[in-house]
Amino acid sequence: MAINLNKNSTLSDINVTPLVDVMLVLLVIFMVTAPLLETKNESINLNLPQVKTGQKANMTETAVIVSIDKQGIVYLNDNEIPQPELKKKLEILFASRSKKEIFLRADRIISYGNVMIVMDLIRSSGIKKISMVTEPPQRKKSRK
């Protein structure tokens, strides 16, 4: 078998090693960052009600989320806020927004009255669209 050692010949093989290296680095980056981007407000420990007929919430990164934990503490996004200040903060926050929508998350053991008080504060700040956030029911594991 003769090997052509001509210096003017071109190499026709493609080296895929750098491509594989870049792809593996990107895979690791996406695997690390995907859980961080999955949902918002996971730092507030809530036991949301489970319903069968709920719809998937269309929460974007700019969505405003009001949460009420089991002690009745109100959070605006991830920040704790006293109930009397909620109306004023929402008015300031939504002053320049055209789409006025809030996602309300409340722990399942919080009283209906507390949820209605917060909803009243939200509505009195000029926001008419309030979406209640729930969880889908957990499926029972089938036995084999």
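Residues numbered from 1 in each chain as written. Predicted model: local features only at pLDDT ≥ 70, side-chain atom pairs only at ≥ 80, totals over all residues. Heavy atoms only, no water.

A.B. asks: I'd like a description of the overall build of the protein, backed by residues and values.
C.D. replies: The helix and strand tally for the protein stands at three helices and five strands. Put simply, the protein runs from its N terminus to its C terminus through helices and strands in the order α-β-β-β-α-β-α-β. Counting the 144 residues in the protein, one finds 26% classified as buried. The contacts in the protein between residues at least 6 apart in sequence include a share of 69% that link residues at least 24 apart. Accessible area of the protein: about 11700 Å², with a carbon and sulfur share of 56%. (Helix = DSSP H or I, 4+ residues; strand = E, 2+ residues; numbered from the N terminus. Buried < 20%, exposed > 50% of the residue type's maximum accessible area, 1.4 Å probe, protein only. Contact = heavy atoms within 4.5 Å. Areas by Shrake-Rupley, 256 points an atom, 1.4 Å probe, with all protein chains shown as cover.)

A.B. asks: Tell me about helix α3 (residues 112-124), and name the residues and values.
C.D. replies: Over its 13 residues, α3 extends 18 Å from the first C-alpha to the last, a length consistent with the 18 Å expected when each residue adds 1.5 Å. If you follow the buried residues of α3, they end up packed against β1 (64-68), β2 (74-76), α2 (83-93), β4 (101-106) and β5 (129-132). Looking one or two residues beyond α3, the residue adopting positive phi is Gly 126, at roughly 100 degrees. (Expected span 1.5 Å × (residues − 1).)

A.B. asks: Outline the pairing of β5, listing residues and values.
C.D. replies: Along a regular strand, successive side chains alternate from one face of the sheet to the other. By the bridge criterion, four bridges tie β4 to β5 in an arrangement that is parallel. Within the sheet, the bridge partner assigned to Leu 104 lies in β5 and is Met 132. A crossover connection joins β4 to the parallel β5 through α3; in handedness this β-α-β unit is right-handed. (Pairing = 2+ DSSP bridges. Right-handed = clockwise from strand over helix to strand, strands pointing away.)

A.B. asks: Break down unusual backbone geometry for me, with residues and values.
C.D. replies: With a phi close to 55 degrees, Asn 77 is a non-glycine residue in the positive phi region. By the element assignment, Asn 77 lies in the loop between β2 and β3 (79-81).

A.B. asks: Tell me about the packing of α2 against α3, and name the residues and values.
C.D. replies: Between α2 and α3, the least distance of the axes is 8 Å, while the angle of their chain directions is 30 degrees. When the interaxial angle is binned, α2 and α3 end up roughly parallel. Along this stretch, α2 crosses α3, giving a crossing that reads as right-handed. Across the interface between the two elements, Gln 83, Leu 86, Lys 87, Leu 90 and Glu 91 from α2 touch Ile 117, Val 118, Leu 121, Ile 122 and Ser 124 from α3. When its residues are assigned to classes, the contact of α2 with α3 shows six nonpolar, two polar and two charged. (Axes fitted to C-alpha atoms, helices over the stretch in contact; angles between N-to-C directions. Parallel < 35°, antiparallel > 145°, perpendicular 65-115°, else oblique. Left-handed = near helix turned anticlockwise from the far one by under 90°. Nonpolar A, V, L, I, M, F, W, Y, C, P; charged D, E, K, R; others polar.)

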